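Take a look at the letters that make up each chain.
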Amino acid sequence: MLVSGRVSRAIALAVAFLMLVALVVIAEINQSGQKQINRIISLSQQRQVLLVELLSELSDAEAGQRGFLLTDDESYLRPYQAARDRVEPTLDQLTNLFRDNDRLLVSIEQRDVVRHLRVLVGAKLGELAAALALHSSQGAEQALALMRTDLGSRTMGEIRDEASKLRNMEHDAIRVALARAARLQLVSRALMGGVVVLNIALLILAAALWARQARRRVELTERLATENEELERRVRRRTAELSALSSHLQRLSEKEKAALARELHDELGGLLIAAKMDVSWLQKRLPNTNPDIQSRWTRVNKALDDGVGFKRRIVENLRPTLLDNIGLVPAVRWITQETCTRAGLHYTEDYPEHEPQLIDDAAIMAFRLVQESLVNIVKHARATQVHVEIAVQADELMILIEDNGSGIDTDRREAVGSHGLATMRHRVRSFGGTLEIESPPQGGTRVRARVPRAVIVQDPGTHAIQPAANGY
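Residues numbered from 1 in each chain as written. Predicted model: local features only at pLDDT ≥ 70, side-chain atom pairs only at ≥ 80, totals over all residues. Heavy atoms only, no water.

Colleague: I'm lost on the pairing of strand 6 (residues 445-452) in this one. Help?
Modeller: Each regular strand displays side chains that alternate between the two surfaces of the sheet. Among the eight residues that make up strand 6, six are buried, leaving the element largely enclosed by the rest of the structure. For strand 4 (residues 396-403) and strand 6, the ladder comprises eight bridges, and the chain directions are antiparallel. Looking at strand 6, one finds that L397 is bridged to V451. Summarising the sheet, strand 5 (residues 434-438) and strand 6 pair through five bridges and their orientation is antiparallel. Its bridge partner lying in strand 6, I437 is registered against V447. The hairpin formed by strand 5 and strand 6 contains six residues between the paired strands, and G443 there has a positive phi angle of roughly 105°. (Buried < 20%, exposed > 50% of the residue type's maximum accessible area, 1.4 Å probe, protein only. Helix = DSSP H or I, 4+ residues; strand = E, 2+ residues; numbered from the N terminus. Pairing = 2+ DSSP bridges.)

In structure tokens:
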């Protein structure tokens with residue numbers, strides 16, 4: 001069955017190819033023949049127009065010459081001279097149109113007639129010029145006597161006869177061309193009819209093939225649809241599992257950070273405070289005026305103070321105590337001030353007058369979003385200004401972090417290796433929110449998160465906090 005179907009398709013394709021070749025050949029023959037016929041008709045029309053112009057110019061020249069000889073009025077010489085000057089160019093154009101070597105366009109008889117016509121026109125112009133010259137040399141009587149002879153009328157008659165022969169030949173050529181066009185059209189129609197018959201046969205063959213393969217396509221489509229649905233269910237299930245696992249790992253990581261922060265605060269903080277107290281006790285009990293010893297005491301005290309400050313920064317980065325004790329806005333204000341001050345960035349802040357009380361996971365999500373954005377700005381943005389904003393809107397909480405740095409490429413926003421952006425995006429989406437990362441036309445990067453209030457607010461009531469001043 002499969003081999004038979006392939007053979008049938010091969011035959012159908014071969015017939016289709018032959019049909020295409022036949023159509024191209026028919027079109028080419030028809031177009032080539034039509035171009036030849038159009039060229040014959042156009043050339044014939046041009047010849048006839050020039051022939052009429054030549055006869056008209058000769059008549060004008062003869063009328064002007066005779067008018068001058070009869071009236072001796074030189075004003076008749078102007079139309080004579082104008083017509084005489086046009087005769088030669090017109091005759092040259094007419095002669096050029098009979099120089100084609102194609103027998104379909106120019107026959108030997110036509111060339112002979114044109115050569116004879118050129119001789120007669122030359123003789124006529126010579127006769128007109130001779131009469132004018134005789135008028136100038138011997139007077140009007142001699143010129144009129146020459147004019148009254150039948151030499152001029154006989155030459156003009158021969159010219160008209162030759163022109164009539166040419167016109168008849170052109171008419172015959174047009175009739176032959178039209179008859180050839182009719183035959184060509186008849187042949188084209190016959191060939192087109194054969195192509196139509198082949199086309200019908202091909203359609204019948206194609207219909208048979210399509211009818212035989214229709215059931216196979218339907219079965220294959222149904223099987224693919226079933227497999228796609230199963231794959232989609234698996235993807236949705238795996239995606240949900242991975243999302244839940246990621247959320248669980250984030251919560252676990254935050255719990256471990258909080259536990260580590262408490263241990264550092266309790267254990268390391270206690271050790272540093274105890275050491276500082278012992279050093280102060282020893283410094284008081286062992287007074288010494290030696291400058292080197294005093295500088296050593298000062299250095300030890302400063303090292304202990306730096307250790308306490310370093311411990312505080314580590315604890316706050318692991319789990320900010322402001323977030324647990326006061327709320328989101330003070331914690332965000334602290335991390336903004338701390339990060340921007342250490343990096344030398346000018347910053348502005350805008351916070352709501354009333355902050356909603358968020359659940360713990362939502363509060364740490366918002367804080368980490370600001371923290372991660374500020375870290376990215378310091379590491380990658382090469383910015384000089386930062387703006388942090390938290391807005392409580394009707395049904396959502398909006399968090400905005402914006403800088404004037406170098407921006408971020410569009411392809412990097414969804415890149416597989418952008419783990420920081422992926423983590424931020426997952427944190428926001430785990431609460432049903434959206435995260436937008438944009439590069440404004442004026443430059444920089446804008447990170448905006450929108451989270452539904454119904455998911456993150458712990459208590460519908462709000463408590464007042466002091467509005468934050470725009471800092472620097």
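Alright, that's what it looks like, and here's the rest.
Colleague: Is there a simple way to explain the sheet that holds strand 3 (residues 385-392) in this structure?
Modeller: The pairing of strands in a sheet happens through backbone hydrogen bonds and is either parallel or antiparallel. Pairing is mixed in the open sheet, where five strands are placed in the order 1-3-4-6-5. Two strands bound the open sheet, and with one partner strand each, they are strand 1 (346-350) and strand 5. When strand polarity is set aside, the average angle formed by the axes of neighbouring strands in this sheet is 10°. Of the strands in this sheet, strand 1 and strand 3 are in contact with helix 8 (residues 328-343), which crosses strand 1 at around 170°. (Axes fitted to C-alpha atoms, helices over the stretch in contact; angles between N-to-C directions. Contact = heavy atoms within 4.5 Å.)

Colleague: Any chance you could explain the confidence of the model for the protein chain here in plain terms?
Modeller: Caution applies to low-pLDDT parts of the model: their predicted coordinates are not meant to be read in detail. In the predicted model, the protein chain carries a mean pLDDT of 77, and 79% of its residues have values of at least 70. Highest mean pLDDT in the protein chain belongs to strand 1 (92); lowest belongs to strand 7 (residues 457-464) (54). Low pLDDT, under 50, characterises residues 461-472; the stretch is placed with 22 contacts to residues that sit more than four places away or in other chains. (pLDDT = per-residue confidence, 0-100.)

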